[in-house]
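# Architecture at a glance
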Amino acid sequence: MTPPRPLWLLLAALPLLLCPPRATAATARLLVAIGANVGDPDDAVLSFADDDAGRVRQLFVELGGVRADRSYLVVDQPASVVRQRLAEVTGRIAELRAAGDDAVLIVYVSAHAKGGVLHLGGTHLPLAELRDTARQAGARLSVLLVDACESGTLARRKGGSAGPEFAVSLEQIPLHGQVVISSSGPGESSEEWDSLKGSLFTHHLLTGLRGDADVEDDGRVSLAEAYAYAYRRTVAGAAGAGQHPAYAWELAGTGELILSEPRIARSALVFPAALAGRYVVASQPRPDVVAEVEKAPGRPLRLAVPPGRYLLRKRAGASTGLLELELPYGGERQVREEELTWRRYTEVALKGGHVELRGSALLGLVRLESAAVRGTGTRLVGGLGYRHAWGSWWALGTAGFSQAAYRGVELDIRERALGAGVAAGYRWLEWALVPYVGLGVELTVLEQRLRHEREEEIEDTFGVEPLPPRRTLGVGLGPIAGVEVPLPGRAFALLQGQFLLRYLPSTEQPLLRPAGLVSAGAGWRF
């Protein structure tokens, strides 16, 4: 007997109801960034290996699909700590696989190496062990990036395929296995440059991943694009006997590995197609080189950079073009050739690559302050100011004016005050909102004009002159704390508070009185 149709459909669907379809497995990316400035006792101490590891971590969290809680930064630690962190990552990969997800593991290391062995704070970690640990961590795909001397020995592993030439096709990157990229070939040194505040290979690799290696202009940088770019720029820039990056892989399957996606960046510098030349982008106020691009005409470039402040430099013969760029909250900023300020190269070089282009600023200020004369209420003061900055240090001169009217004992009192002040201090330029502190001194000329309620009657009856105005000179000293808010273009706003201990000669109150001030204003740099 055939069951009724509705019942038959229900029975057919019952297995699906009891076993719902499983969600598509997600791919999680994990990163271990290792940096060690100190190697063996006879190794020269590196200066920027730890910084390079931090920059790699920042880029992969920002553009490479690695969550911050899945990135590990291991700086100036012995081999035992590195092994421990790798073991932790292996455990996390096992948890992801148990949940039905797969993982891609990226391991970066910048350190001394010799004879195929990493030197980590007086301890040793064989590069072969690092490679095997990454391969056996359980990730579907592992990528090992090694920036160390003689790291090219990894590209000669038995059973692997090695290739020193950057032109090799990696367009079809298999999805299972391991890729190894080394900063130098067997027996070669990997260079670290003071001018870059980092190693040559890592510097070019990061520039490429920020968008300069995106030859397909799709807003993504593949492993093939990144390696070809880093190889070409490293070989072209290396000094001495040269430095030739190498790679090796053991892979199966098909697909393409995307290392970074500059198109998702919160902020970027846009170079129009017509621009050409070498451009260096350095952060401010700490002049770290973020990217160095060789811009070719005819192709626009969108270079992903973190929100912040930058100084762009372009070398042309004996001159250097400079442009200050501000992206404190993100967004895009187009680079325009006509906005460059040109200075002699020797001037820029003598000042460490940084020249203050717009250290001057005009300000309009409004402030609310407690009264100089006790019991007469607060004052609203308007003023103008001129500020000059030398990097993080600043000095400010102000002039202000206020007036008020109030009543005394059978008197109408009109008060006018003219003030002048100087202040100096320090500001922290590392954040979008710029906090600052300082110390200020103010001089105040105070005038009171007094008028009796029955002034005309008193003059007619007693024949006396009107009450003369009273004037006094006061001085105040106290600390300042505030915050500067960047606005589009050269504009900025500020909000600050100040405490003053004010000396004001008077027969009606103590000579020393505390005062509080709250100021708001806007400025324009030039």
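Scroll up to find the structure this text is about.
Residues numbered from 1 in each chain as written. Predicted model: local features only at pLDDT ≥ 70, side-chain atom pairs only at ≥ 80, totals over all residues. Heavy atoms only, no water.

Bringing empty space enclosed by the protein into the picture now. Scanning all chains against the criterion turns up 6 cavities of 30 Å³ or more. A volume near 380 Å³ is recorded for the largest cavity. Taken together, 32 residues line the largest cavity, and the ones lying closest to its centre are Leu365, Arg367, Thr398, Gly400 and Glu442. Among the elements of the structure, β23 (360-369), β24 (379-390), β25 (393-408), β26 (411-427), β27 (434-452) and β29 (491-503) are those that each provide at least two residues to the lining of the largest cavity. (1 Å grid on protein atoms, 1.4 Å probe; cavity = no way out; pocket = protein on both sides within 12 Å on 5 of 7 lines; lining within 4 Å. Points joined across faces, edges and corners; volume = space filled by probe spheres on them. Helix = DSSP H or I, 4+ residues; strand = E, 2+ residues; numbered from the N terminus.)

On to the pattern of salt bridges. A complete count under the given rule lists 28 salt bridges for this structure. With its nearest N and O atoms 3.2 Å apart, the salt bridge here joins Glu88 to Arg85. Highlighted residues: Glu88 and Arg85, both in helix α3 (residues 79-98), separated by 3 residues, approximately one helical turn. For Glu88, a relative accessible area of 32% corresponds to the partly exposed category. What makes Arg85 partly exposed here is its relative accessible area of 25%. Across the salt bridge formed by Arg525 and Glu484, the nearest N and O atoms sit 4.0 Å from each other. Here the residue Arg525 occupies a position in strand β30 (residues 512-525), and Glu484 occupies one in strand β28 (residues 470-486), the gap between them amounting to 41 residues. (Salt bridge = Lys/Arg side-chain N within 4 Å of Asp/Glu carboxyl O. Buried < 20%, exposed > 50% of the residue type's maximum accessible area, 1.4 Å probe, protein only.)

A word on the nonpolar core. Taken as a class, soluble globular proteins show a tendency for nonpolar side chains to be buried jointly. Phe60, Leu145, Ile181, Leu205, Leu209 and Leu259 are the most contacted members of the largest nonpolar core, which totals 33 residues. Elements supplying a minimum of two residues to this core: β1 (27-35), α2 (49-63), β3 (102-110), β7 (141-147), β9 (176-182), α5 (200-212) and α6 (223-237). Per element, the largest residue contribution to this core is 6 residues, and it comes from α6. Beyond its immediate stretch of four places on either side in the chain, Ile181 contacts Leu144, Leu145, Val146, Phe201, Leu223, Tyr227, Ala246 and Tyr247. Formed by 32 residues, the second largest nonpolar core is a distinct cluster that contains Ala103, Leu120, Leu125 and Val146. (Core = buried A, V, L, I, M, F, W, Y, C linked by side-chain atoms within 4.5 Å. Contact = heavy atoms within 4.5 Å.)

As far as function goes, none of this settles anything; it's purely spatial.
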